[in-house]
Amino acid sequence: MIKQLTVVLLAAGGLAGCSLTPQYVRPDAPVAASYPAQSGVTDAAQAADAAADMGWRTFFPDQRLQALIAAALENNRDLRIAALRIEEARAQYHIQSAERWPNLNGAAGGSRARTPAALATNGQDGIGSAYAVGLSLASFELDFFGRVRSLNEAALAQYLATREARQAAQISLVAEVAKAYLAERAYVEQLALAQKTWDGRETAYQLAKKRFEVGASSEMDLRLSETLVQSARVSLATLARQRAQTENALTLLVGKPLADFPPAQALSAQHIVTDIPAGLPSDLLARRPDIRAAEHRLIAANANIGAARAAFFPRITLTAGLGSASNALSGLFSAGTQAWSFAPQLLLPIFDAGRNRANLDLTQVRKNITVADYEKTIQIAFREVADALVARTTLDQQVAAQRAVQQAEAARLKLAELRYQNGVDSSLAVLDAQRELFVAEQLLVQTRLLRQLNSIDLYRTLGGGLNETTADSNRNAG
């Protein structure tokens, strides 16, 4: 019997090679062949993988920022949940994969029952016993039409999509930590400028107050000087609040208090890599984990169509048992006690009120949804890279222009002070020049921050942030 059952199972495995899953074809990328702001396709194609292979320690040389990113990768709860989702999907895949194999169980049992005389064949009551031990095969489906295999492929694709989603979460986390850190550095620099401006305006206000008291200046000059002092106080309070809130956001991203980290560097001392080659839009299909995750979900939806199609065909299941049975426990393994059972079952759908047809339609609609989601993911990635490339060019110009504005306002303030000291101009010109210089300095810090945030966005959108060190360093270390 064991040989016969083995032959049946092997034959079933050989016959279960049919699959009704449609052949998967990757949809065409619904984007242009190059980015609008791309300078040269050839140069970009040669260095298409630079951003994805560049480790974040290379991209962010600030040691404090490196320590913050490392702590976030270890402690961030969102990333931890994403990692646990992988474990969940892996377990679900293993559960589904187990359906492809027979489920053999060891069974042992016994019973004793009293039969009354009225029911006994010999007209006498009596007590009977039955004992059995052996192996059982419970409802193993012969997957002739690939239903179980399709479900297994769908579960595998979902698991792979979850793993890609975790990588996408890591890329976003690295970028968000860096952006929060640089924003906090910018607020510190702006706070220092605001404090310096407030000190200068307070001194000027006290001088204007004394001049007003002795009749050397008008009340208009005094009130304008007072307005500038209070404006500086407003800026100080606003920047202090924004810095504290940014630090709180950074603490949440890192997942632990911001203690025992290397000292911070000024925003102007950051040397983030800015000349990142963009590559081609087609490179995003392999470099962006969110695109790969969307494609795995599409593969899973395609496999579910195969399982829905298989539901229209017969399902054959096997139930079998092999062991020993006796009416006495002592004779359970005696000669002649071998027992076996074999119960194949054929289930042929005849009338289901359109359930199978509706289920097939549902899987096809869901596949169309995942196709649209896949294409949208590519389009979003294309736009993110294109926006970052356009901003890189314009922000370089904006930083240079804002620096020129700041230098011009500083020169204007010096001239206004000289004219005021020589009695050529009033204090109003000095106060106005001070106000404009403060605005120009604040805008210069903000523009420099935007330029560095743009580099981070480009690094993220090109798939950078998965590696800790560069690929060359990894190979050398290996």
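Everything below is about the structure printed above this text.
Residues numbered from 1 in each chain as written. Predicted model: local features only at pLDDT ≥ 70, side-chain atom pairs only at ≥ 80, totals over all residues. Heavy atoms only, no water.

Caption draft 1: Structural context of the packing of helix α7 (residues 147–213) against helix α10 (residues 289–310). One can describe the packing of α7 onto α10 by two numbers: an axis separation of 8 Å at closest approach and a directional angle of 165 degrees. Between α7 and α10, the crossing angle belongs to the class labelled roughly antiparallel. For α7 against α10, the interelement crossing comes out left-handed. Taken together, the residues of the contact of α7 with α10 break down into 15 nonpolar, six polar and six charged. (Axes fitted to C-alpha atoms, helices over the stretch in contact; angles between N-to-C directions. Helix = DSSP H or I, 4+ residues; strand = E, 2+ residues; numbered from the N terminus. Parallel < 35°, antiparallel > 145°, perpendicular 65-115°, else oblique. Left-handed = near helix turned anticlockwise from the far one by under 90°. Nonpolar A, V, L, I, M, F, W, Y, C, P; charged D, E, K, R; others polar.)

Caption draft 2: Spatial organisation of the pattern of salt bridges. Tallied over the entire structure, the rule returns 22 salt bridges. As a salt-bridge pair, Glu226 and Arg223 come within 2.8 Å of each other at their nearest N and O atoms. Highlighted residues: Glu226 and Arg223, both in helix α8 (residues 219–254), separated by three residues, approximately one helical turn. Take Glu226: its relative accessible area is 25%, and that puts it in the partly exposed class. Of the residues examined, Arg223 reaches a relative accessible area of 39% and is grouped as partly exposed. The partner of Asp432 in a salt bridge is Arg412, and the shortest N-O contact between them spans 2.3 Å. Of this pair, Asp432 sits in helix α12 (residues 427–461) while Arg412 sits in helix α11 (residues 355–421); the two residues are 20 residues apart in sequence, bridging distant segments of the chain. For Asp432, a relative accessible area of 21% translates into the label partly exposed. Several salt bridges share partner residues, and in doing so they unite Arg288, Asp290, Glu384 and Arg460 into one network. (Salt bridge = Lys/Arg side-chain N within 4 Å of Asp/Glu carboxyl O. Buried < 20%, exposed > 50% of the residue type's maximum accessible area, 1.4 Å probe, protein only.)

Caption draft 3: Broad picture of a nonpolar patch on the surface. On the surface, Leu346, Leu348, Ile350 and Phe351 cluster together into a nonpolar patch covering about 540 Å² of accessible area. Turning to its location among the elements, Leu346 is positioned in strand β4 (residues 338–347). Taking relative accessible area as the criterion, Leu346 reaches 57% and is therefore assigned exposed. (Patch = residues over 30% accessible without salt bridge, like charges linked within 9 Å, V, L, I, M, F, W, Y side chains within 5 Å. Areas by Shrake-Rupley, 256 points an atom, 1.4 Å probe, with all protein chains shown as cover.)

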